Amino acid sequence: MTSAFFQRILWIMALAAGSFFVAQAQEYKYEIGGMAGGSFYMGDVNKNTFFKGMNPALGGVFRYNMNFRWALKGNLTWGRVSGSTEGLDNVFPLGAQASFTRDLIDLGGQAEFNFFAYSDKYAFMNTKRYPP
(Lines give C-alpha, C1' and ligand atoms only; values in the text may rest on other atoms or scores of the structure.)
Protein backbone atom coordinates (compact mmCIF):
# COMPACT_ATOMS: atom_id res chain seq x y z
CA MET A 1 0.00 0.00 0.00
CA THR A 2 1.27 3.43 -0.85
CA SER A 3 1.01 6.73 0.91
CA ALA A 4 -1.51 7.80 -1.75
CA PHE A 5 -3.84 5.07 -0.45
CA PHE A 6 -3.54 6.40 3.11
CA GLN A 7 -4.12 9.96 1.92
CA ARG A 8 -7.32 8.85 0.16
CA ILE A 9 -8.53 7.09 3.31
CA LEU A 10 -7.83 10.18 5.44
CA TRP A 11 -9.67 12.43 2.96
CA ILE A 12 -12.68 10.12 2.90
CA MET A 13 -12.78 9.99 6.71
CA ALA A 14 -12.45 13.81 6.97
CA LEU A 15 -15.25 14.38 4.44
CA ALA A 16 -17.49 11.86 6.17
CA ALA A 17 -16.85 13.43 9.58
CA GLY A 18 -17.62 16.93 8.28
CA SER A 19 -20.89 15.91 6.69
CA PHE A 20 -22.62 14.77 9.89
CA PHE A 21 -22.45 17.89 12.05
CA VAL A 22 -25.84 19.44 12.87
CA ALA A 23 -26.09 22.86 14.49
CA GLN A 24 -29.38 22.35 16.36
CA ALA A 25 -30.18 21.72 20.01
CA GLN A 26 -31.61 18.24 19.67
CA GLU A 27 -30.81 14.67 20.57
CA TYR A 28 -27.96 13.51 18.36
CA LYS A 29 -28.83 10.88 15.78
CA TYR A 30 -25.41 10.14 14.28
CA GLU A 31 -22.05 9.23 15.76
CA ILE A 32 -18.81 8.90 13.86
CA GLY A 33 -15.42 7.90 15.13
CA GLY A 34 -12.04 6.59 14.17
CA MET A 35 -9.63 4.06 15.54
CA ALA A 36 -5.94 3.35 15.21
CA GLY A 37 -3.88 0.51 16.57
CA GLY A 38 -1.77 -2.44 15.63
CA SER A 39 -2.21 -5.88 14.12
CA PHE A 40 0.01 -8.96 14.23
CA TYR A 41 -0.02 -12.57 13.10
CA MET A 42 -0.04 -15.78 15.19
CA GLY A 43 0.25 -19.03 13.23
CA ASP A 44 2.78 -21.34 11.55
CA VAL A 45 5.46 -18.67 11.17
CA ASN A 46 4.88 -17.15 14.65
CA LYS A 47 3.75 -19.79 17.12
CA ASN A 48 4.08 -18.05 20.50
CA THR A 49 5.42 -14.47 20.41
CA PHE A 50 2.70 -11.88 20.94
CA PHE A 51 3.09 -8.53 19.12
CA LYS A 52 5.93 -9.84 16.90
CA GLY A 53 5.95 -7.98 13.58
CA MET A 54 3.42 -5.36 14.70
CA ASN A 55 1.85 -3.50 11.76
CA PRO A 56 -0.58 -0.56 11.57
CA ALA A 57 -4.35 -0.89 11.70
CA LEU A 58 -6.89 1.89 11.03
CA GLY A 59 -10.65 2.08 11.02
CA GLY A 60 -13.80 4.10 11.17
CA VAL A 61 -17.16 3.62 12.91
CA PHE A 62 -20.56 5.11 12.13
CA ARG A 63 -23.66 4.74 14.33
CA TYR A 64 -27.22 5.86 13.60
CA ASN A 65 -29.40 6.16 16.72
CA MET A 66 -32.91 5.39 15.49
CA ASN A 67 -34.58 6.04 18.86
CA PHE A 68 -33.87 5.72 22.60
CA ARG A 69 -33.53 1.92 22.37
CA TRP A 70 -32.28 0.99 18.89
CA ALA A 71 -29.14 1.91 16.97
CA LEU A 72 -27.47 0.65 13.80
CA LYS A 73 -23.68 0.57 13.65
CA GLY A 74 -21.23 -0.03 10.81
CA ASN A 75 -17.45 -0.18 10.77
CA LEU A 76 -14.64 -0.42 8.23
CA THR A 77 -11.20 -1.52 9.42
CA TRP A 78 -7.92 -2.02 7.56
CA GLY A 79 -4.93 -3.88 8.98
CA ARG A 80 -1.71 -5.46 7.77
CA VAL A 81 -0.24 -8.76 9.00
CA SER A 82 3.13 -10.27 8.15
CA GLY A 83 5.33 -13.16 9.19
CA SER A 84 8.58 -14.90 8.36
CA THR A 85 10.34 -18.14 9.38
CA GLU A 86 13.78 -16.59 8.88
CA GLY A 87 15.89 -17.12 12.00
CA LEU A 88 13.27 -19.31 13.73
CA ASP A 89 13.54 -22.89 14.99
CA ASN A 90 10.18 -23.62 13.38
CA VAL A 91 11.08 -24.69 9.82
CA PHE A 92 9.10 -26.27 7.05
CA PRO A 93 10.05 -29.58 5.34
CA LEU A 94 13.38 -29.56 3.49
CA GLY A 95 14.38 -26.37 5.35
CA ALA A 96 12.08 -24.20 3.23
CA GLN A 97 11.66 -20.61 4.38
CA ALA A 98 8.33 -18.79 4.26
CA SER A 99 7.35 -15.14 4.58
CA PHE A 100 4.28 -13.11 3.72
CA THR A 101 2.60 -9.72 4.06
CA ARG A 102 -1.16 -9.35 3.66
CA ASP A 103 -3.62 -6.49 3.96
CA LEU A 104 -6.94 -7.24 5.64
CA ILE A 105 -10.15 -5.24 5.27
CA ASP A 106 -13.08 -5.85 7.60
CA LEU A 107 -16.52 -4.41 6.89
CA GLY A 108 -19.01 -5.05 9.68
CA GLY A 109 -22.40 -4.04 10.89
CA GLN A 110 -24.64 -4.64 13.87
CA ALA A 111 -27.91 -3.63 15.46
CA GLU A 112 -27.81 -2.47 19.09
CA PHE A 113 -30.64 -2.69 21.60
CA ASN A 114 -30.63 -0.86 24.96
CA PHE A 115 -32.70 -2.51 27.68
CA PHE A 116 -33.34 0.90 29.23
CA ALA A 117 -34.21 3.94 27.11
CA TYR A 118 -30.85 5.68 26.56
CA SER A 119 -30.35 9.46 26.46
CA ASP A 120 -28.27 12.03 28.28
CA LYS A 121 -30.82 14.85 27.79
CA TYR A 122 -34.31 13.51 28.44
CA ALA A 123 -34.27 12.49 32.10
CA PHE A 124 -37.89 13.66 32.44
CA MET A 125 -38.84 10.77 30.11
CA ASN A 126 -37.17 8.22 32.44
CA THR A 127 -34.21 7.72 30.11
CA LYS A 128 -30.95 6.36 31.52
CA ARG A 129 -27.55 7.89 30.96
CA TYR A 130 -25.71 4.56 31.34
CA PRO A 131 -27.71 1.54 30.14
CA PRO A 132 -26.38 -2.02 30.59
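Preceding this section is the structure that the text describes.
Here's a quick rundown of the structure. (Residues numbered from 1 in each chain as written. Predicted model: local features only at pLDDT ≥ 70, side-chain atom pairs only at ≥ 80, totals over all residues. Heavy atoms only, no water.)

Strand pairing in a sheet relies on backbone hydrogen bonds, with the paired strands running either antiparallel or parallel. Spatially, the four strands line up as an open sheet ordered β1-β2-β3-β4, and their pairing is antiparallel. Lying at the two open borders of the sheet, with one neighbouring strand each, are β1 (30–39) and β4 (99–113). Ignoring strand direction, the axes of neighbouring strands in this sheet form an average angle of 15°. Relative to β4, strand β3 (residues 70–84) runs antiparallel, the two sharing 15 bridges. Residue pairing in the sheet places Ala 71 in a bridge with Glu 112 of β4. (Pairing = 2+ DSSP bridges. Helix = DSSP H or I, 4+ residues; strand = E, 2+ residues; numbered from the N terminus. Axes fitted to C-alpha atoms, helices over the stretch in contact; angles between N-to-C directions.)

Attention now goes to the pattern of salt bridges. Scanning the model with the defined rule gives four salt bridges in all. The shortest N-O distance in the salt bridge between Lys 73 and Glu 112 comes to 3.8 Å. Of the two residues, Lys 73 is situated in strand β3 and Glu 112 in strand β4; the sequence distance between them amounts to 39 residues. A salt bridge links Asp 103 to Arg 80, with the shortest nitrogen-to-oxygen separation between them at 2.8 Å. In this pair, Asp 103 is assigned in strand β4 and Arg 80 in strand β3, connecting sequence segments 23 residues apart. A relative accessible area of 31% places Asp 103 in the partly exposed class. Within the structure, one salt-bridge network assembled from shared partners comprises Glu 31, Arg 63, Lys 73 and Glu 112. (Salt bridge = Lys/Arg side-chain N within 4 Å of Asp/Glu carboxyl O. Buried < 20%, exposed > 50% of the residue type's maximum accessible area, 1.4 Å probe, protein only.)

Once that is clear, we can look at the packing of aromatic side chains. Using the criterion set out here, one finds six aromatic pairs in the structure. On the numbers, 5.4 Å between centres and 35° between planes, the contact of Tyr 30 with Tyr 64 is tilted. With Tyr 30 in strand β1 and Tyr 64 in strand β2 (residues 55–65), this residue pair connects regions lying 34 residues apart in the sequence. Tyr 30 sits in the partly exposed class, given a relative accessible area of 41%. Ring plane angle 55° and centroid distance 5.0 Å describe the contact between Phe 40 and Phe 51, whose orientation is recorded as tilted. In this pair, Phe 40 sits in the loop between β1 and β2 while Phe 51 sits in the loop between β1 and β2, placing the two residues eleven residues apart along the sequence. Under the relative-accessibility criterion, Phe 51 is labelled exposed at 55%. Taken together, the aromatic side chains of Tyr 30, Phe 62 and Tyr 64 make up a single cluster linked through ring pairs. (Phe/Tyr/Trp six-rings, centres within 6.5 Å; stacked < 30°, edge-to-face > 60°.)

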